[in-house]
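Residue-level listing of the chains:
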Amino acid sequence: MNGLLSPAELDALRLSLEVAARSVAFSLPLAVLVAWILTRARFPGRTLFDAFVHLPLVLPPVAVGYVLLLLLGTRAPLGAWLHAHFGIQLPFTTAGAALATAVMTFPLMVRAMRLSLENVDRGLEAAARTLGAGPFDRFFSITLPLMLPGILAGAVTAFAAGLGEFGAVITFAANIPGVTRTLPLALYTAMQMPQGDALALRLALLSFALGLLGLLGAELLVRRVRRCLGR
Amino acid sequence: MLRVSLLKRRTGFTLAASFAAPTPGVIGLFGRSGSGKTTLIDMIAGLLPPDEGEVQLTGSVLTDTQRHIAVAPERRRIGYVFQDSRLFPHLSVAGNLSYGEKRARAVSHYIRFEEVVELLGLGPLLARRPHQLSGGERQRVALGRALLSQPQLLLLDEPLASLDVARREEVLPYLERLRDWLSIPMVYVSHQFDEVLRLATYLVLLEHGEVLAAGRVDEMSLRPELRAVVAPDLVGAVLDGLVTAVDTAGGTVELAIGSGKLQVSLREVTAGARVRVQLLARDIILATEPIHGLSVRNALRGTVTEITPEEAASVLVKVDVGGPIVLARITEGARAALRLAPGDAVWALVKAVSTRGHAFRLFGAPARAL
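Computed from a predicted model, the values in this text were never measured in an experiment. (Residues numbered from 1 in each chain as written. Chains lettered and ligands numbered in written order. Predicted model: local features only at pLDDT ≥ 70, side-chain atom pairs only at ≥ 80, totals over all residues.)

As for the overall build of chain B
Next, step 1: Helices and strands together make up the secondary structure of chain B, namely nine helices and 21 strands.
Next, step 2: A compact globule built from 370 residues would reach a C-alpha radius of gyration of about 21 Å, and chain B, at 22 Å, matches this within 12%.
Next, step 3: Seen through its principal axes, chain B has C-alpha atoms that stretch 65 × 50 × 35 Å.
Next, step 4: The 370 residues of chain B split such that 42% are buried.
Next, step 5: Put simply, 68% of the contacts in chain B that link residues at least 6 apart link residues at least 24 apart. (Helix = DSSP H or I, 4+ residues; strand = E, 2+ residues; numbered from the N terminus. Rg over C-alpha atoms; globule rule 2.2 N^0.38 Å. Buried ≥ 20, exposed ≤ 12 C-beta atoms within 10 Å, placed from the backbone. Contact = placed C-beta atoms within 7 Å.)

Here you go:
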């Protein structure tokens, strides 16, 4: 690989993978919870909550990045509080890029999980109840394992989409080489350079290969899990 | 004792059912589809909240709407075998079986894993996944899973309904073993009169969400409410008789029924066993004098107690054969010709005896014999 890619390209690839992985790790438990709430809970304002969760799908990514800056920027109240009490700084960091990516890919993840949760037979949960399983026990021993195909599909789709997140990342975390310059940002930078055409093409091809690999991998993984569940 | 008194209103359907049945024993909950059987046992299991009412099992209150008692299903210790088995697809057969067992840690275990595997013949299936099982196997696993949760009551919701006749015959003997070897009270829901006759000790007849009649199976077999529900050809007295003699060569046994004796073809039964038989009303001939030179071997002497007109110009005659009652269907013309009336002495000639499996020891069943 080393001979194939330049250090800067490798950096961009590594960062893209890291940002996508961290965003998935961060949003996965929350997405399961939100999917569960949207499928099973009945409360006033559910439709509004549903719309709110899906908002990043329809908003310009730059707007999402900007809202994040307003909330978590170093001078914003929440951002300043986090920095003062926990020493956490999000803007212009890799963690910040991961957060922006997580917000953008969150609806994709929730959608996949919701679909699989809607397919979980409530009768199986009732059966578990008669066998002595309380609510949390039921969730972890029956519902969650049966949702697994959807959870995996959601995670992999979010990961693949996260590899290419641009607008929210560049707005919230800026374009810092080695810190927040992921593949799409590096591609954008290359396109801005006078002699960057060849580099841009290489980066574009790299993104293409990566995305294809991700989607194929996702499909194989989900098939395997389905087989384990006997479907 | 299982005491149930429940009310549930749904659009277009109201269930208002009460009964009190002795336990241990198998309570057959019998009724046509849509009579509210599943709704009723869902409320017994606690899966469905009633609008009003109570459920009591051997003195402990599980549901009481007036006192705001509603024990959660997971704490009722009521095993439930669903019509569609509902095995967990992500677990192996062994995993399914031990699911309830693991969660019954706090209670004393009276049924062990190995015993259930042995009783239900599940040994070769343990490593399989539910989707690799046949319908009959699935129901056996579901039964084992419910048993291992150490239930104090077992609900069976038409466990054989989704099976074809051959598979049904494959599972039924296991249910009989369960009834005879364990003393867990059971509620067996079915719209198949045959199954109920083979398994139940007590019968609750449900129609349009109401209990039409309830009682011991032999008593219930004489009730007009039951006759109204089962097919006319299935009407007939159910009798629990004692085997007094066994003719191994001929494959028949002699049963003591009231003051008479009945020859029944039955194998693998020893003297002293109790056997349940049904004498179908259409298979019984009445004679006012003893008859000789007839191929029919069974003749019970008795007294006519009641004559009820039926549809299609036939009458149903109740004959007391020295304690037990036998039902005979004859034509109105035959009745008139014989001038049959209550109080008359008759001989009931039995053309065929349909055995209905082993009679269950109604009371004083052994606490546990595996």
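Right, picking up where we left off after that structure.
A few points about the overall build of chain A
Next, step 1: Along its length, chain A carries ten helices and zero strands.
Next, step 2: For chain A, the α and β elements follow one another from N to C terminus as α-α-α-α-α-α-α-α-α-α.
Next, step 3: Seen through its C-alpha atoms, chain A measures out along the principal axes to roughly 70 × 45 × 30 Å.
Next, step 4: Looking at chain A as a whole, 38% of its 231 residues qualify as buried.
Next, step 5: In chain A, once contacts between residues fewer than 6 apart in sequence are set aside, the share between residues at least 24 apart is 74%.

Comments concerning the sheet that holds strand β17 (residues 298–309) of chain B
All names here are of chain B.
Next, step 1: Ordered by their spatial adjacency, five strands build an open sheet running β16-β20-β17-β18-β19, and the pairing between neighbours is antiparallel. Taken across any chain shown, the strands that pair with only one partner, and hence form the sheet edges, are β16 (284–287) and β19 (325–331). Strand after strand, the sheet turns through a mean of 45° between neighbouring axes, direction not considered.
Next, step 2: In this structure, β17 lies alongside strand β18 (residues 314–320), joined through six bridges in antiparallel fashion. From the neighbouring strand, Glu306 faces β18, where its bridge partner is Lys318. (Pairing = 2+ DSSP bridges. Axes fitted to C-alpha atoms, helices over the stretch in contact; angles between N-to-C directions.)

Points about the domain arrangement of chain B
Next, step 1: When its domains are assigned, chain B resolves into domain 1 (2–229) and domain 2 (272–354).
Next, step 2: Placing a centre on the C-alpha atoms of domain 1 of chain B and another on those of domain 2 of chain B gives a separation of 36 Å. (Domains from an automatic or database assignment.)

Here's the deal with the interface of chain B and chain A
Note: interface size is frequently given as the accessible area lost on complex formation between the parts.
Next, step 1: Listed per partner, the contact involves 21 residues of chain B and 16 residues of chain A.
Next, step 2: The set of elements that each furnish at least two residues to the side of chain B that touches chain A consists of β7 (78–81) and α2 (93–102) of chain B.
Next, step 3: No other element matches β7 of chain B, which puts three residues into the side of chain B that touches chain A.
Next, step 4: Residues belonging to the side of chain B that touches chain A are distributed by class as follows: eleven nonpolar, five polar and five charged. (Nonpolar A, V, L, I, M, F, W, Y, C, P; charged D, E, K, R; others polar.)

Thoughts on the environment of Leu172 of chain B
Next, step 1: Counting through the fold element by element, Leu172 of chain B comes out in helix α5 (residues 165–181).
Next, step 2: Expressed as a C-alpha distance, the spacing of Leu172 of chain B and Glu195 of chain B, which sit 23 residues apart in the sequence, is 8.1 Å.

Quick look at the environment of Glu195 of chain B
Residue and element names in this part refer to chain B.
Next, step 1: Inspection of the secondary structure assignment puts Glu195 in helix α6 (residues 193–199).
Next, step 2: Glu195 sits in the buried class, given 22 other C-beta atoms within 10 Å.
Next, step 3: Between the C-alpha atom of Glu195 and that of Leu160, which follows or precedes it by 35 residues, the distance is 9.0 Å.
Next, step 4: Filtering out sequence-adjacent residues up to four positions away, Glu195 remains in contact with Leu160 and Ser190.

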